[in-house]
Amino acid sequence: MYEFKCNIALPEDAECIMKLYKTMVGKEGCTWSEDYPSMETLISDIKKGNEFCMKDNNGNIVAAIAIDEDAEVEQLEVWSKEYKNAGELARLAVIEDCQNRGLAKEMIEYVRKEMEKRGYDGIHFLASKTNPAALACYEKMDVEIVGEAFLYETDWWCYEGKAGKSI
């Protein structure tokens, strides 16, 4: 039986996380390309302690997510004024063999708790309107759609919730 553990990603995890990210390119609803996310972005997130990964009991990376710093997303008018220090979640991926097991939700919940420890009171993130797997996952979570946006040539739903809040 496999058990999964979430942690802050380490520099030695970068290559495996990037490989995971690249397997998502071309999948239904995925807005990523061969150029995004980049290794430069990933290394920066790891150095800041903003990249997280989930490993199985053999040490294999099965999922990853980041706390992002994107000024365009932060400036969207849809975000609630209720949260004084909200952070953005981005670049969530789960390997194909482990999808539909609740691992994406588990990763988000882990990072929500980490964000609360870091002083964030809210979370927000974008989900492509054409990504049925992501939309189905977020429907089951304690987050709500607070608006929509068109950024990076994509139509997004804008989700928001409390940091630290569990499912």
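Everything here concerns the structure above.
Residues numbered from 1 in each chain as written. Predicted model: local features only at pLDDT ≥ 70, side-chain atom pairs only at ≥ 80, totals over all residues. Heavy atoms only, no water.

(A) Just the overall build of the chain, in detail. Tallying secondary structure elements over the chain gives five helices and seven strands in all. Walking the chain from its N terminus toward its C terminus, one meets helices and strands in the order β-α-α-β-β-α-β-α-β-α-β-β. Radius of gyration (C-alpha) of the chain: 15 Å, near the 15 Å computed for a compact globule of 167 residues. Referenced to the eigenvectors of the C-alpha coordinate spread, the extents of the chain come out at roughly 45 × 35 × 30 Å. Out of the 167 residues in the chain, the part that is buried amounts to 47%. (Helix = DSSP H or I, 4+ residues; strand = E, 2+ residues; numbered from the N terminus. Rg over C-alpha atoms; globule rule 2.2 N^0.38 Å. Buried < 20%, exposed > 50% of the residue type's maximum accessible area, 1.4 Å probe, protein only.)

(B) Just the environment of Asp-13, in detail. Mapped onto the elements, Asp-13 comes out in the loop between strand S1 (4-8) and helix H1 (14-24). Since its relative accessible area comes to 5%, Asp-13 is described here as buried. For Asp-13 and Cys-53, which are 40 residues apart along the polypeptide, the C-alpha to C-alpha distance reads 8.3 Å.

(C) Structural view of the sheet that holds strand S3 (residues 61-68). Strand order in this open sheet of seven strands is S1-S2-S3-S4-S5-S7-S6, and the pairing throughout is mixed. Edge positions in the sheet fall to S1 and strand S6 (144-151), since each of these pairs with one other strand and no more. The mean angle between the axes of side-by-side strands here comes to 25°, regardless of whether they run parallel or antiparallel. Seen against the sheet, H1 touches strand S2 (51-56), S3 and strand S4 (86-94) and runs at an angle of roughly 90° to S3. (Pairing = 2+ DSSP bridges. Axes fitted to C-alpha atoms, helices over the stretch in contact; angles between N-to-C directions. Contact = heavy atoms within 4.5 Å.)

(D) Structural detail: the layout of surface pockets. Empty space within the largest pocket amounts to approximately 1200 Å³. Residue lining of the largest pocket: 46 residues in total, with Leu-92, Ala-93, Asn-131, Ala-134 and Tyr-138 positioned closest to the centre. A per-element tally of the lining of the largest pocket places S4 first, with seven residues. Taken together, the residues of the lining of the largest pocket break down into 26 nonpolar, 10 polar and 10 charged. (1 Å grid on protein atoms, 1.4 Å probe; cavity = no way out; pocket = protein on both sides within 12 Å on 5 of 7 lines; lining within 4 Å. Points joined across faces, edges and corners; volume = space filled by probe spheres on them. Nonpolar A, V, L, I, M, F, W, Y, C, P; charged D, E, K, R; others polar.)

(E) Structural view of the pattern of salt bridges. Summed over the entire model, instances satisfying the criterion amount to eight salt bridges. Residue Asp-45 pairs with Arg-91 through a salt bridge whose shortest N-O separation is 2.7 Å. A residue pair is termed long-range when its members are at least 10 positions apart, and Asp-45 in helix H2 (residues 39-48) and Arg-91 in strand S4 qualify at 46 residues. The same class applies to Asp-45 as to Arg-91, namely buried. (Salt bridge = Lys/Arg side-chain N within 4 Å of Asp/Glu carboxyl O.)

(F) Fine view of the pairing of S4. Where burial is concerned, most of S4 is hidden: eight out of the nine residues are buried. Bridge count between S3 and S4: five bridges; the pairing is antiparallel. What sits directly across from Ile-67, in S4, is Leu-89. Bridge count between S4 and strand S5 (residues 122-128): three bridges; the pairing is parallel. Following the sheet pairing, Ala-86 is matched in S5 by Gly-122. Traced from S4 through helix H4 (residues 103-117) to S5, the parallel crossover comes out right-handed. (Right-handed = clockwise from strand over helix to strand, strands pointing away.)

(G) Broad picture of H4. Its 15 residues place the ends of H4 21 Å apart at the C-alpha level, agreeing with the 21 Å of an ideal helix rising 1.5 Å per residue. Of the positions making up H4, those classed as buried are Leu-103, Ala-104, Lys-105, Met-107, Ile-108, Glu-109, Val-111, Arg-112, Glu-114 and Met-115. (Expected span 1.5 Å × (residues − 1).)

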